[in-house]
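# Structure assessment
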Amino acid sequence: APYIEYKRDGADPDTAEASETPPPAASTESDGAVPKRAVARKSTASRKQEFQQATTTKWEYEGTVSSVDVKPVSKESFRTHICSVKCMSDTRFQYKESEHKTINPLMIPLVLGWERQVSKHKLGGRRKVFYLTPCGRRLRHLEDVHRYLRTTQSSMEIDFFNFDW
């Protein structure tokens with residue numbers, strides 16, 4: 001919630017007392033000048049800027065980007081169905097730790113026939129990540145991935161998926 005900050009003559013009251021210079025003399029009505037009053041003002045402008053700066057993180061700009069060749073696994077086109085163990089029964093889609101332990105964990109689903117899609121909305125520029133399963137189902141959230149892995153009794157781990165763009 002916004003807070004109210006009281007200021008006098010643009011000086012901080014703590015620093016004004018600590019300084020040795022006397023405060024400005026109060027003007028009288030005979031001088032013709034109107035004495036300055038303490039004015040309440042909202043201090044929300046600076047808080048918004050702090051929030052905007054905090055949204056940009058360092059890791060977005062660190063590191064390197066490299067191209068990795070992944071052999072695409074042939075998949076069937078999507079047919080309406082209820083996912084079950086049959087969706088991942090083909091050996092091309094099964095995770096075997098001994099075979100895949102040298103691969104980057106985030107690449108394992110891609111090697112096993114999954115597809116990672118990043119979409120960007122037109123006006124807001126907001127990005128969303130989707131995973132397309134080997135059977136063609138589109139998963140939008142980590143909870144959906146977890147439910148799918150349990151339903152198909154896959155040995156893949158939830159840590160292999162990342163929904164940050």
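Structure report, in brief. Here the structure is a predicted model, which is why all the values come from computation and not from measurement.

Check the secondary structure of the chain and you find five helices and five strands. In sequence order, the chain lays out its α and β elements as β-α-β-α-α-α-β-β-β-α. Burial status across the chain gives 19% buried among its 165 residues. The contacts in the chain between residues at least 6 apart in sequence include a share of 53% that link residues at least 24 apart.

Below, the discussion takes up the packing of aromatic side chains. Aromatic ring pairs are described here by two measures, namely the spacing of the ring centres and the angle between the planes. Going through the model one piece at a time under the given rule, you end up with five aromatic pairs. Residues Trp 114 and Tyr 148 carry aromatic rings whose centres are separated by 5.5 Å and whose planes lie at 90° to one another, so their mutual orientation is edge-to-face. With Trp 114 in the loop between helix 4 (108-111) and strand 3 (115-120) and Tyr 148 in helix 5 (residues 142-151), this residue pair connects regions lying 34 residues apart in the sequence. Taking relative accessible area as the criterion, Trp 114 reaches 4% and is therefore assigned buried. Each member of the aromatic cluster is reached from another via a ring pair, and the members are Trp 114, Tyr 131, Tyr 148, Phe 161 and Phe 163. The aromatic ring of Phe 130 is capped on one face by Arg 138, whose charged end is 3.9 Å from the ring centroid.

Turning to helix 5, its buried residues number three or more, namely Asp 144, Val 145, Tyr 148 and Leu 149. For helix 5, the angular spread of buried residues about the axis comes to 130°, placing them on one side. For helix 5, the exposed residues set more than 90 degrees away from the buried face come down to Glu 143 and Arg 147. Buried residues along helix 5 sit against strand 5 (138-139). Backbone geometry just downstream of helix 5 places Gln 153 in the positive-phi region, at approximately 55°.

Within this structure, the stated rule accounts for two salt bridges. The partner of Arg 92 in a salt bridge is Asp 90, and the shortest N-O contact between them spans 2.6 Å. Judged by its relative accessible area of 37%, Arg 92 is partly exposed. Arg 147 is paired through a salt bridge with Asp 144; the nearest N and O atoms lie 3.2 Å apart. Here Arg 147 pairs with Asp 144, and both are found in helix 5, just three residues apart, close to one helical turn.

Right, let's talk about the side chain of Ser 154 for a bit. Mapped onto the fold, Ser 154 is located in the segment after helix 5. Assessed through its relative accessible area of 12%, Ser 154 is described here as buried. Among the polar contacts made by the side chain of Ser 154, one reaches the main-chain amide nitrogen of Met 156 at a distance of 3.1 Å. If sequence neighbours within four positions are ignored, Ser 154 has contacts with Met 88 and Leu 149.

This paragraph deals with the pairing of strand 3. When strand 3 meets strand 4 (residues 127-132), the two strands line up antiparallel, connected through six bridges. Residue pairing across strands places Arg 116 opposite Tyr 131, the latter belonging to strand 4. A loop of six residues connects strand 3 with strand 4, the two strands running antiparallel in sequence, and Gly 125 in this loop sits at a positive phi of about 70°.

Before going further, it helps to examine the state of the cysteines. Taken as a whole and assessed by the stated rule, the structure comprises zero disulfides. Left without a disulfide partner, Cys 83 is nearest to the cysteine sulfur of Cys 135, which lies 3.8 Å away. You can call Cys 83 buried: its relative accessible area is 14%. Cys 135 sits in the buried class, given a relative accessible area of 13%.

The rules behind the values
Residues numbered from 1 in each chain as written. Predicted model: local features only at pLDDT ≥ 70, side-chain atom pairs only at ≥ 80, totals over all residues. Heavy atoms only, no water. Helix = DSSP H or I, 4+ residues; strand = E, 2+ residues; numbered from the N terminus. Buried < 20%, exposed > 50% of the residue type's maximum accessible area, 1.4 Å probe, protein only. Contact = heavy atoms within 4.5 Å. Phe/Tyr/Trp six-rings, centres within 6.5 Å; stacked < 30°, edge-to-face > 60°. Lys NZ or Arg CZ within 6 Å of the ring centre and 35° of its normal. Arc of directions from axis to C-beta. Salt bridge = Lys/Arg side-chain N within 4 Å of Asp/Glu carboxyl O. Polar contact = N/O pair within 3.5 Å; in protein donor to acceptor, adjacent residues only side chain to side chain. Pairing = 2+ DSSP bridges. Disulfide = S-S within 2.5 Å.

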